[in-house]
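Per-entry structural report
Each chain, written out:
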Amino acid sequence: MNLSTNVKTSAALLSNIAISVIIVLLNKWIFHVYGFPNMSLTCIHFIVTAFGMEIAKRRDIFLVKSLPMKDMILLSMTFCGFVVLTNLSLQANTVGTYQISKFMTTPCIIFIQTVFFQKKFSWKVKLTLIPVCLGVFLNNYNDVQINLKGLIFATSGVMVTSIYQVWVGSKQQEFQANSMQLLYYQAPLSALLLMIVIPFAEPVTSAGGIFSQLWSLSAILSVICSGCVAFLVNLSIFWVIGNTSPLTYNMAGHLKFCLIVFGSFLVFHEFPSANQIIGIVLTISGVLCYTYFKLEEQKSLNELRQKQPA
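Keep in mind the model is a prediction, meaning the values are calculated, not measured.

1. Quick look at the overall build of the chain
Summing up its helical and strand segments, the chain has 12 helices and 0 strands in all. Reading the chain from its N terminus to its C terminus gives the helix and strand order α-α-α-α-α-α-α-α-α-α-α-α. Relative to its length of 310 residues, the chain is compact, with a C-alpha radius of gyration of 20 Å against a globular reference of 19 Å. Dimensions of the chain, computed from the C-alpha atoms along their principal axes, are close to 70 × 50 × 35 Å. Looking at the chain as a whole, 46% of its 310 residues are labelled buried. For the chain, restricting intrachain contacts to residue pairs at least 6 apart in sequence, the fraction spanning at least 24 positions comes to 87%. Element-wise, carbon and sulfur atoms account for 69% of the exposed surface of the chain, whose accessible area totals about 16500 Å². Here the chain carries 19 positive and 10 negative side-chain charges, and the mean point of each set is 5 Å from the other.

Structure follows, in structure tokens:
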């Protein structure tokens, strides 16, 4: 990985973090102010992404590559499973339990890649999970409550989310497809699958449903804006995972959480507690250590490759 690639990767990670924080705060605003249904909004995100990919294809921004539909359907199904189980976990658990369960995606990804993909992680990288884990725990331990139903949803959600993120990276490598070529297939399939799932997961025409009322112009414009930002988020997720790793994307996700807490303070005046502030410092420290160790490993790998005879 040369300097130019490092700069591109860093820029993509920073862009992903920035727009992910923006969309979380924007979606929180849409839920808080308009009461727009969660999964319906996600479905709209992928409809907008599908249109965005079609426009990009017609403008020759990327070339469509023929990919096995079976694999694309499986990838889309894991995404829909991740969305459904995440929502069910949030409904069945407290926010604190939900956030801590989300952290478990990181060690789960390490387990999946180690056992099924024979990928090795250094002990230094594994140790960076400790401050991140402590940080997440300090941010949420006051709101932890465990029940069997919530535990099942949370565990299932962690497993499916981990598989989805690992597959996003492995399928790009397996089919030698870039992020746009993969997302071109997944976006419409995911939207279609969510349309099938939504009537069973949330109201549609009754109170709180997407067709339960005539939405105001400001609500519609906010949803369209959210969809456009989601298009950029989806594109950056695929690019980051494909060009780094699912673990790197996941670690960056913990940094997003810290920025979301800060953004919530600025936008919604939700002042963090002392424990949250300590947790944020620990989480950021863990992410920075992970970044440093990964860069050192990449530097050593590049030096080893240079020493090898041509």
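This is not the end of the story, as more comes after the structure.
2. Considering the side chain of Q172
Structurally, the position occupied by Q172 is in helix α8 (residues 148–174). A distance of 3.3 Å separates a polar side-chain atom of Q172 from the backbone oxygen of V168.

3. A word on the pattern of salt bridges
On inspection of all chains with the given rule, the structure shows 5 salt bridges. Note that E54 is salt-bridged to R58, the shortest N-O span being 3.1 Å. Of this pair, E54 and R58 both sit in helix α2 (residues 38–58), 4 residues apart, which is roughly one turn of that helix. The shortest N-O distance in the salt bridge between E174 and K171 comes to 3.4 Å. In this pair, E174 and K171 are both assigned in helix α8, 3 residues apart and thus about one turn of the helix distant. Among the residues examined, K171 registers a relative accessible area of 10% and is labelled buried. It is possible to trace a salt-bridge network through shared partners that takes in E54, K57 and R58.

4. Some points on a nonpolar patch on the surface
A surface patch of nonpolar side chains, about 470 Å² in accessible area, is lined by F137, Y141, V144, I146 and L151. Among the secondary structure elements, I146 is positioned in the loop between α7 (129–140) and α8. Taking relative accessible area as the criterion, I146 reaches 68% and is therefore assigned exposed.

5. Quick word on unusual backbone geometry
Of note in the backbone geometry, D60 takes a positive phi value of approximately 60° without being a glycine. Topologically, D60 is positioned in the loop between α2 and α3 (69–92). Non-glycine residue Q176 carries a positive phi angle of around 50°.

6. What about the packing of aromatic side chains?
Counted by the stated rule, this structure contains 8 aromatic pairs. Seen in terms of ring centroids, F36 and W215 are 4.9 Å apart; in terms of plane orientation they differ by 45°. Their pairing is tilted. You can see F36 sitting in the loop between α1 (3–34) and α2 and its partner W215 sitting in the loop between α9 (179–201) and α10 (217–243), a full 179 residues away along the chain. Across this residue pair, the class does not change: F36 and W215 are buried. Judged by centre distance (5.8 Å) and plane angle (90°), the ring pair of Y184 and Y185 falls under edge-to-face. Just as Y184 is buried, Y185 falls in that class too. An aromatic cluster is present here, built from F46, F79, F82 and Y164 joined pairwise through their rings. The residue whose ring lies beneath K171 is W167, and the NZ or CZ to ring-centre distance is 5.6 Å.

Cut-off values and rules
Residues numbered from 1 in each chain as written. Predicted model: local features only at pLDDT ≥ 70, side-chain atom pairs only at ≥ 80, totals over all residues. Heavy atoms only, no water. Helix = DSSP H or I, 4+ residues; strand = E, 2+ residues; numbered from the N terminus. Rg over C-alpha atoms; globule rule 2.2 N^0.38 Å. Buried < 20%, exposed > 50% of the residue type's maximum accessible area, 1.4 Å probe, protein only. Contact = heavy atoms within 4.5 Å. Areas by Shrake-Rupley, 256 points an atom, 1.4 Å probe, with all protein chains shown as cover. Lys, Arg positive; Asp, Glu negative; His and termini not counted. Charge placed at Lys NZ, Arg CZ, Asp CG, Glu CD. Polar contact = N/O pair within 3.5 Å; in protein donor to acceptor, adjacent residues only side chain to side chain. Salt bridge = Lys/Arg side-chain N within 4 Å of Asp/Glu carboxyl O. Patch = residues over 30% accessible without salt bridge, like charges linked within 9 Å, V, L, I, M, F, W, Y side chains within 5 Å. Phe/Tyr/Trp six-rings, centres within 6.5 Å; stacked < 30°, edge-to-face > 60°. Lys NZ or Arg CZ within 6 Å of the ring centre and 35° of its normal.

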